[in-house]
Amino acid sequence: MSSVNLVAREVAVKIVFYGPGLSGKTTSLRKVYETVRPAHRGEMMSIATEGDRTLFFDFLPVKVERVNDCTVRLALYTVPGQVFYNATRKLVLQGADGVVFVADSQPEMMDANRESLANLEENLLEQGVRLERFPLVFQWNKRDIPKALPVAELRAALNPRNVPDFETEALSGRGVLDALKAITRLVIQDLRVKRIVPPPRAATPAVPSLGSPKASGGGGLEAQLNQHLAGRAPGVTAPATATASAAPMVARPSRSMPAIGHPQPQVHVQVAPAVAPPALTGQRPLGPASALAPSDLFDHARAAEGAFSSGDYGTCIQACLDAARRGLAFAGEGPLGAQAHLLHVDGADLLRLQTLAARSSNRVDDAAFALYVLMQIFSRLHAAGLPAPAAE
């Protein structure tokens, strides 16, 4: 679910790009990354494998224009397309506010499109969310391929609800921003209906924001999104503004900055007596390893990511190896290789991690590999239901 920081007047929402393997999810996200000005985007993280370009997820926080006097921050993710990585897809989908389904327009990919859409519906249902009531748009991708199926045929097979859909070419970027603007508009409408977006404060003199044409002299993704968020869509009624007698919403902070879609360190909006919440500033947002980490290993993952961000690759690898050993220990007593085998962790990857940790100097790709191994272990632990919840 979305998180709200009432002190900073910021609403953070999570949008997931879903679809079959190699349909164009990561390429679409890269086009968004190239469009957003550097001052308004975070680091794009991606892990490539031989079978699919994205094993875990890409994560791209994008700061956009204001809605109801609140800044909207988008966190864009992609999921692995292969069915083998369904446990990871479930993790990434947790807490999503909307989905862009990237369908492959090639005729031979129709079965994969249907399978992926059914998988999306199933995984949402496990979270108690029905797809027909969830913000969703479609990208009919690879329209530049001569043998692409007609859009009418794709709609009949995959979009019986007639939600917004767009013909896209992820490589050139055609239609990708249109799809992103549409899902953002739907998500904001949904948050307004749920009263998650707080009402505007008292009017203040207008100051052009960084993304507005007046301030920057041009458009950009922020300004384009703002055109769609400034008013309500036809047929959508905004909820009544809370009266003065109603209890105000306050943010309940956890131990860290809110991680969009992560169920543990998150700021939840609750109705409670007015209490001035503390400011949530100055802390580093979660990376992919800490987003997947069990609570017992959360600090270890944060330490590894912090070392990576500061360029201390040797420390990052050592922290990953320590966290990996602690994580594998949840599988039971025994040699490290036996624990890895029980969790279906690649023994060759684990051996390479140990070799890297023994080196006197390391490169950035060595540290990135160490984080990859650590996230693989975290994913396997989650799939196995480990560590078990403490008995009450």
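Our structure's up above, just so we're on the same page.
Description of the structure in this document. Every chain's residues receive numbers from 1 upward, in the order its sequence appears when written. Where local features are concerned, this predicted model is filtered to residues with pLDDT of at least 70; where side-chain atom pairs are given and counted, the filter is 80 or more; whole-chain, interface and lining totals use all residues. Side-chain calculation: all heavy atoms of the structure are included, whereas hydrogens and water are not.

1. Here we look at the overall build of the chain
From N to C terminus, the chain includes 13 helices and nine strands. The rule is simple: take the accessible area with a 1.4 Å probe, protein chains only, and divide by the maximum for that residue type; under 20% is buried, over 50% is exposed, in between is partly exposed. Within the chain, the fraction of its 392 residues that count as buried is 49%. Two residues qualify as a contact provided that any one of their heavy atoms is within 4.5 Å of a heavy atom in the partner residue. Looking at the chain alone, contacts between residues at least 24 apart form 68% of all its contacts between residues at least 6 apart. Per element, the accessible surface of the chain, about 18,200 Å² overall, is 54% carbon and sulfur. Numbering of helices and strands runs from the N terminus; a helix is a DSSP stretch of H or I covering at least four residues, while a strand is a stretch of E covering at least two. The method behind every accessible area is Shrake-Rupley, applied with a 1.4 Å probe, and residues are considered shielded solely by the protein chains displayed.

2. Let's talk about helix 4 (residues 151–158)
Because an α-helix completes one turn every 3.6 residues, residues spaced three or four positions apart along the sequence face the same direction. Among all positions in helix 4, only Val151, Leu154 and Leu158 are buried. Axial view of helix 4: buried residues confined to an arc of 60°, hence all on one face. Every exposed residue of helix 4 that faces more than 90 degrees away from the buried side is listed here: Ala152 and Ala156. Its buried side turned inward, helix 4 meets strand 5 (98–104), helix 3 (110–126), strand 6 (136–141) and strand 7 (165–167). It is the directions from the helix axis to the C-beta atoms whose arc is reported.

3. Some words on the packing of aromatic side chains
For Phe, Tyr and Trp, where Trp contributes only its six-membered ring, two rings pair if their centres lie within 6.5 Å, and the inter-plane angle classes them as stacked under 30 degrees, edge-to-face over 60, or tilted in between. The full count for this structure, using the stated rule, is four aromatic pairs. Taken together through their ring pairs, the aromatic side chains of Phe101, Phe138 and Trp140 make up a single cluster. For a ring to carry a charge above it, either NZ of a lysine or CZ of an arginine must fall within 6 Å of the ring centroid while also lying within 35 degrees of the normal to the ring plane. Between Arg41 and the ring centre of Tyr33, over which it is positioned, the NZ or CZ distance is 4.0 Å. In this structure, Arg352 is placed above the aromatic ring of Phe369, and the distance from its NZ or CZ to the ring centre is 4.0 Å.

4. Notes on helix 10 (residues 313–328)
Working rule for helices: expected span equals 1.5 Å times residues minus one. In this model, helix 10 (16 residues) spans 22 Å end to end at C-alpha, consistent with the 22 Å of a helix rising 1.5 Å per residue. Taken together, the buried positions of helix 10 are Cys316, Ile317, Ala319, Cys320, Leu321, Ala323, Ala324, Gly327 and Leu328.

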